[in-house]
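Examination of the molecular architecture
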Amino acid sequence: LWARFNSVDVNRNGMITATELRAALANADWTPFDLDTIKLLMNFFDHDRDGLIGFEEDWQNVFRHFDRDRSGTIDGSELRSALSRFGYNLNPRLLQLVQRKYATATDYRGGTIPTGISFDRFVRACVVVKQLTETFQRLDVDNDGWIQVDYDQFMATVLSLP
């Protein structure tokens, strides 16, 4: 992993910038990562908010681990397994919503067919689930799994997420 990190760290300062990260990441079809996904990754790993990330977990290895059928995408059961492993046990309805929201679609005779979740969208889905969960937990002051918010608080909470 250290060798992979160093290959991304172009200027050899021991830290990765958003530009370096985007240049290093590509989907299975060699398309570049969505800029919003790069921003989410930076936000996720940049703990001191200086715009740089140090040596951390290699998301490609995580993706490969959960892509059990080696299709290059994450299907519903693989997503359930990944999120569960990360400590997020979503009910089937929420899991299906996440899968639909982040699945890549392929044009097919005038329509689209979901083909699974690509690498960058998998990372994005995991980061978003983490952020939403942490936000909910901050609002759930008595830890009973319920929160009560007014419209302004809800909007401020949602809009403050990257």
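In what follows, the accompanying structure is described. (Residues numbered from 1 in each chain as written. Predicted model: local features only at pLDDT ≥ 70, side-chain atom pairs only at ≥ 80, totals over all residues. Heavy atoms only, no water.)

1. Some words on helix α6 (residues 92-102)
- L95, V98 and Y102 are the residues of α6 that are buried. Seen from one end, α6 has its buried residues packed into an arc of 60°, which puts them on one side. Of the exposed residues in α6, those oriented more than 90 degrees away from the buried face are P92, R93, R100 and K101.
- Lining the buried residues of α6 we find α5 (76-85) and α7 (119-139). (Buried < 20%, exposed > 50% of the residue type's maximum accessible area, 1.4 Å probe, protein only. Helix = DSSP H or I, 4+ residues; strand = E, 2+ residues; numbered from the N terminus. Arc of directions from axis to C-beta. Contact = heavy atoms within 4.5 Å.)

2. Comments concerning the packing of helix α3 (residues 35-45) against α7
- One way to put it is that α3 packs onto α7 with a least axis distance of 9 Å and a crossing angle of 50°. The pairing of α3 with α7 is recorded here as oblique in orientation. The chirality of how α3 crosses α7 is left-handed. Between α3 and α7, the contacting residues are D36, T37, L40, L41, N43 and F44 on the first element and D120, V123, R124, V127, V128, K130 and Q131 on the second.
- Its residues assigned to classes, the contact of α3 with α7 comprises 6 nonpolar, 3 polar and 4 charged. (Axes fitted to C-alpha atoms, helices over the stretch in contact; angles between N-to-C directions. Parallel < 35°, antiparallel > 145°, perpendicular 65-115°, else oblique. Left-handed = near helix turned anticlockwise from the far one by under 90°. Nonpolar A, V, L, I, M, F, W, Y, C, P; charged D, E, K, R; others polar.)

3. Digging into the nonpolar core
- Of all hydrophobic cores here, the largest spans 33 residues; its most connected members are L21, L79 and F122.
- Among the secondary structure elements, those contributing two or more residues to this core are α3, α4 (59-66), α5, α6 and α7.
- With 8 residues, the top contributor of residues to this core is α7.
- Apart from the residues lying within four places of it in its own chain, the contact partners of L21 are V8, I16, I38, L41, M42 and I53. (Core = buried A, V, L, I, M, F, W, Y, C linked by side-chain atoms within 4.5 Å.)

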